[in-house]
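Listed here are the chains, written in short residue letters.
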Amino acid sequence: MSELAERTEVELLALGDDALIAAQRLAEWVSRAPTLEEDVALANIALDQLGAARMLLATAGDEDELAYRRDDQGFRNCLLAELPLGPARGDLDFGWTMTWLLMLSAAQLLRYTDLAAGADEQAAGIGAKAVKESTYHLDHATQWMLRLGGGTEQSHRRVQEALDGLWPYGHELTEGIRDRWLALVEPVLAESGLTRPADRWRPDGGRAGRHTEHLSFLLAEMQSLHRAHPGAQW
Amino acid sequence: MTAQTEIARIAGAVPDPELRVVTIGELGIVRGAELADGRVTVTITPTYSGCPAMDAIRDDIRAALAGAGFADVEVKTVLSPAWSTDMITESGWAALERTGIAAPGASGTPACPRCAHAHGGQPTPVLQISRYASTPCQSLWSCRSCLEPFNAIKKL
Ligand SMILES: [Zn+2]
């Protein structure tokens, strides 16, 4: 395998896993969002993530094998993607979710932009397609950050707590694109009246297959049917 | 009509599984149709990468061509160039508008399909209710004049 092909495959797997795990996380909101419109929005964003994941993983290998047959150590997603969408496992917090989506979609937008400009033709096609969708995801999260950050005392406090909790995971997420990512995210935080957390703890390891326990729970749910009935079809 | 043109016509005339009023040809989903050595290859492109209608579209193309006597059909998917709303044809936009689905509008604000031709063609004020609607490619709006909700195709 050429150096380019090898580098592209590592990148496709990382991006594909980010999108796949994010899709599974976002799907937890289906039928539980604060309003019907938001329920539809989150389901659609999850669907976009799943679509991007399928294209990326199908290019990197066999999409079903990759999605359903790997253990947690085989996954290359960043830790942010697998975190619960609330302060603790099992929580589902809307402000937390929008903060998570802001951080994730800003990084995905930049990575897909780079993929679209790359030398690998197939990967560039996927990147060009996914850029357009990420733009919508980032916009959606931005609109909510403005409303929550500048909303009530409670909404502001909760979204600031989410930001403080998730910010450390932004380091691994933005490796190599940190400055461009900050240029996208910091103005949103400023306009939302939120305090950009200081850079301290930098948890990582996801890209090397060292994950939090949250991924194991997520995979158990995502893979159980396929593992019980290998090759099952609808 | 040559077989090649016939194949392109049949594939393009397949209705979109979610927006039944327009064909996949009008939506710009069909990129090409070829006949070589008795084998038909139809090339399509997804509107959104996670579009759940793609499998149904593939099946519908095969069924439509099988009905016209073309049994050996391969449906290929290409991503490049990425689909954009600019690929929807004029007749496609007209069919969408007739059914109450608005175009995104040059400025990003759609015109209410019910009021578009009233008020001397002056656009009525509209309000975005949700950036996402019944399909990933639509957003939900409300007209401040007739007070009716409507979907608009999102600019992509
Ligand atoms: Zn109206």
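Note that the coordinates shown come from a computational prediction; the quantities given were computed from them, not determined experimentally.

1. Description of the layout of surface pockets
- Taken as a whole, the largest pocket holds about 1,700 Å³ of empty space.
- For the largest pocket, the lining is made up of 41 residues, of which L50, R54, E63 and D64 of chain A together with D55 of chain B are closest to its centre.
- Going through the elements one at a time, α1 (3-26), α2 (36-60), α3 (63-68), α6 (121-149) and α10 (213-228) of chain A together with α2 (54-67) of chain B are the ones with two or more residues in the lining of the largest pocket.
- The leading source of residues in the lining of the largest pocket is α2 of chain A, at 10 residues.
- Classifying every residue of the lining of the largest pocket by side-chain character gives 22 nonpolar, 13 polar and 6 charged.
- There is about 230 Å³ of room inside the second largest pocket.
- Surrounding the second largest pocket, 13 residues form its lining, R25, E28, R89, G90 and E221 of chain A being those nearest its centre.
- Of all the secondary structure elements, the ones that give two or more residues to the lining of the second largest pocket are α1 and α10 of chain A.
- Split into classes, the residues belonging to the lining of the second largest pocket amount to 4 nonpolar, 3 polar and 6 charged.

2. Side note on the packing of α2 of chain A against α6 of chain A
Residue and element names in this part refer to chain A.
- At a closest axis distance of 10 Å, the pairing of α2 and α6 adopts a crossing angle of 160 degrees. Classified by the angle their axes make, α2 and α6 are roughly antiparallel. Here the hand of the crossing between α2 and α6 comes out left-handed. Taking contact as the criterion, the partners of E38, A41, I45, D48, Q49, M55, L56 and T59 in α2 are, on α6, Q122, I126, K129, E133, H137, H140 and W144.
- Considering only residue class, the contact of α2 with α6 consists of 6 nonpolar, 5 polar and 4 charged.

3. Notes on the domain arrangement of chain B
Residue and element names in this part refer to chain B.
- When cut into domains, chain B gives domain 1 (3-86) and domain 2 (101-153).
- If you average the C-alpha positions of domain 1 and of domain 2, the two centres end up 29 Å apart.
- Every contact between the two is made by 4 residues of domain 1 and, on the other side, 6 residues of domain 2.
- Between domain 1 and domain 2, a total of about 530 Å² is buried, with carbon and sulfur atoms accounting for 84% of that surface.
- Summed over the shared surface of domain 1 and domain 2, the number is 0 salt bridges.
- Split by residue class, the side of domain 1 that touches domain 2 holds 2 nonpolar, 1 polar and 1 charged.

4. Describing the nonpolar core
- Ranked by internal contacts, the top residues of the largest apolar core, which has 103 residues, are L80, W100 and W181 of chain A together with I61 and L65 of chain B.
- Apart from the residues within four sequence positions on either side, L80 of chain A is in contact with W100, M103, L104, L166, Y169 and L173 of chain A.
- Among the nonpolar cores identified, the runner-up in size contains 8 residues, and C112, C115, C143 and F150 of chain B belong to it.

5. Considerations on the sheet that holds strand β1 (residues 30-36) of chain B
Residues and elements named next belong to chain B.
- With mixed pairing, 3 strands are arranged side by side in an open sheet as β1-β2-β3. Sheet topology places β1 and β3 (73-77) at the edges, where each strand pairs with a single neighbour. Between one strand axis and the next, the sheet turns through 15 degrees on average, direction left out of account.
- Sheet analysis places β1 next to strand β2 (residues 39-44), joined by 6 bridges and oriented antiparallel. Residue G32 lies in a different strand from β2, and its bridge partner there is T43.
- The strands that helix α1 (residues 3-12) touches are β1 and β2; relative to β1, the one it contacts most, it runs at about 145 degrees.

Rules behind the numbers
Residues numbered from 1 in each chain as written. Chains lettered and ligands numbered in written order. Predicted model: local features only at pLDDT ≥ 70, side-chain atom pairs only at ≥ 80, totals over all residues. Heavy atoms only, no water. 1 Å grid on protein atoms, 1.4 Å probe; cavity = no way out; pocket = protein on both sides within 12 Å on 5 of 7 lines; lining within 4 Å. Points joined across faces, edges and corners; volume = space filled by probe spheres on them. Helix = DSSP H or I, 4+ residues; strand = E, 2+ residues; numbered from the N terminus. Nonpolar A, V, L, I, M, F, W, Y, C, P; charged D, E, K, R; others polar. Axes fitted to C-alpha atoms, helices over the stretch in contact; angles between N-to-C directions. Parallel < 35°, antiparallel > 145°, perpendicular 65-115°, else oblique. Left-handed = near helix turned anticlockwise from the far one by under 90°. Contact = heavy atoms within 4.5 Å. Domains from an automatic or database assignment. Buried area = accessible area lost by both parts, 1.4 Å probe. Salt bridge = Lys/Arg side-chain N within 4 Å of Asp/Glu carboxyl O. Core = buried A, V, L, I, M, F, W, Y, C linked by side-chain atoms within 4.5 Å. Buried < 20%, exposed > 50% of the residue type's maximum accessible area, 1.4 Å probe, protein only. Pairing = 2+ DSSP bridges.

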